[in-house]
Amino acid sequence: MDQQINNIRVVLVNTSHPGNIGAAARAIKNMSLGRLYLVAPKEFPADRAVWRAANAADILDRAVVVESLDEAIADCGLVIGTSARDRTIPWPLLNPRECGEKVWHEAHEQEVALVFGREDRGLTNEELHKCTYHVHIPANPEYSSLNLAAAVQVLTYEVRMAALADEGSAYATANAWDVPPAKVKELELYYEHMEQALVDLGFHDRANPRQTMTRLRRLFNRIRPDSMELSIMRGVLTAIQNAVFRQKQVAEHNENPASKVD
Ligand code: SAH
């Protein structure tokens, strides 16, 4: 149980009001969680954060401050992004209950992040596309945006409920997998590699990208490849790039027989 708690982090992106950071820290500790990451907070450390944290100031003391969302989630195998409204491209979506269960169960074997956005604008599409799933708190459709710390409270409460329901269950062994799940930083390298291979192939144009990479991200997000599957795919991409390279050399040679073909 402690291991799972240690594998769960709450990530607040670009928070404007330090009071919200303090209130989020309190919510996290009330629900028996403990890890807080702050991505480029506008004002931190701050007295107002400490006041609102009440007896959870220790969570603020241990908070990890980083410059980018990438840094905050690089070692995670499951990332859940929160959203107060619908976005352009639909993404695999969980409700808060499913989110609590998934976060809790997957924290058995990997690092998990719950990511919250800015008070005024939420998370950008680019940030949301780095997430495995999205979660929406089904609030009043005419006024669906909760205060940031209130949203942290609702979602960490669901994690707590899943933890209490799970006490003594045999989930971890029943769901054992042979290879560790891919982490965000491996996936990001994979997407970069894939984009380059698709450019080499003449399939993808960086100057006119459309939604190709976003849709491919979503596809692999749904599959959730493990580390081994991802390295096989990297090998396939390299083989494709090599084949394209050889083909270009042959074409050049045919045009100019003096050129060399390895
Ligand atoms: N005006 C912003 C809302 C920001 S609310 C927008 O339209 O996106 C600040 C943050 O609180 C959000 O980024 C999200 O992390 C969380 N939040 C607020 N309401 C939520 C809801 N209904 N479901 C999930 N997260 C919510």
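Below you will find a few notes about this structure. This one's a predicted model, so the numbers in the text were calculated from it and none came from an experiment. (Residues numbered from 1 in each chain as written. Predicted model: local features only at pLDDT ≥ 70, side-chain atom pairs only at ≥ 80, totals over all residues. Heavy atoms only, no water.)

### Concerning the nonpolar core
Move 1: Within the largest apolar cluster, 39 residues are counted, with the highest numbers of intra-cluster contacts made by Leu12, Leu36, Ile80, Val103, Leu114, Phe116 and Val152.
Move 2: It is helix 8 (residues 148–166) that provides the largest number of residues to this core, a total of seven residues.
Move 3: The contact partners of Val103, leaving out residues within four places of it in the chain, are Ile8, Leu78, Ile80, Val112, Leu114 and Val159.
Move 4: The next biggest cluster of nonpolar side chains, apart from the first, holds 16 residues, and it includes Tyr37, Val66, Val79 and Leu123. (Core = buried A, V, L, I, M, F, W, Y, C linked by side-chain atoms within 4.5 Å. Buried < 20%, exposed > 50% of the residue type's maximum accessible area, 1.4 Å probe, protein only. Helix = DSSP H or I, 4+ residues; strand = E, 2+ residues; numbered from the N terminus. Contact = heavy atoms within 4.5 Å.)

### Overview of the layout of surface pockets
Move 1: By volume, the largest pocket amounts to about 540 Å³.
Move 2: Put simply, the parts of the chain that give the lining of the largest pocket at least two residues each are strand 4 (78–82), helix 10 (184–201) and helix 11 (212–223).
Move 3: Classifying every residue of the lining of the largest pocket by side-chain character gives 17 nonpolar, six polar and eight charged.
Move 4: Looking at which domains feed residues into the lining of the largest pocket, each of domain 1 (2–174) and domain 2 (184–259) gives three or more.
Move 5: Its boundaries defined by the atoms lining it, the second largest pocket holds a volume of some 430 Å³.
Move 6: Lining the second largest pocket are 23 residues, with Ser83, Ala84, Gly122, Ser145 and Leu146 positioned closest to its centre.
Move 7: Residues belonging to the lining of the second largest pocket are distributed by class as follows: nine nonpolar, eight polar and six charged. (1 Å grid on protein atoms, 1.4 Å probe; cavity = no way out; pocket = protein on both sides within 12 Å on 5 of 7 lines; lining within 4 Å. Points joined across faces, edges and corners; volume = space filled by probe spheres on them. Nonpolar A, V, L, I, M, F, W, Y, C, P; charged D, E, K, R; others polar. Domains from an automatic or database assignment.)

### Details of the site of the ligand
Move 1: Surveying the vicinity of the ligand reveals 20 residues, the closest of which are Thr82, Arg85, Ile137, Ser144 and Leu146.
Move 2: One nitrogen or oxygen atom from the side chain of Thr82 is found 2.5 Å from an oxygen atom belonging to the ligand.
Move 3: Backbone polar atom of Gly117 to an oxygen atom of the ligand: 3.0 Å apart, as the coordinates give it.
Move 4: Compared with its free state, where it exposes 550 Å², the ligand has 93% of that area covered by protein.
Move 5: Using a 2 Å cut-off from the grid points, one finds that the ligand occupies the second largest pocket.
Move 6: Class assignment of the residues belonging to the shell around the ligand gives a composition of seven nonpolar, seven polar and six charged. (Near = heavy atom within 4 Å. Polar contact = N/O pair within 3.5 Å; in protein donor to acceptor, adjacent residues only side chain to side chain. Areas by Shrake-Rupley, 256 points an atom, 1.4 Å probe, with all protein chains shown as cover. Sits in = over half its atoms within 2 Å of the grid points.)

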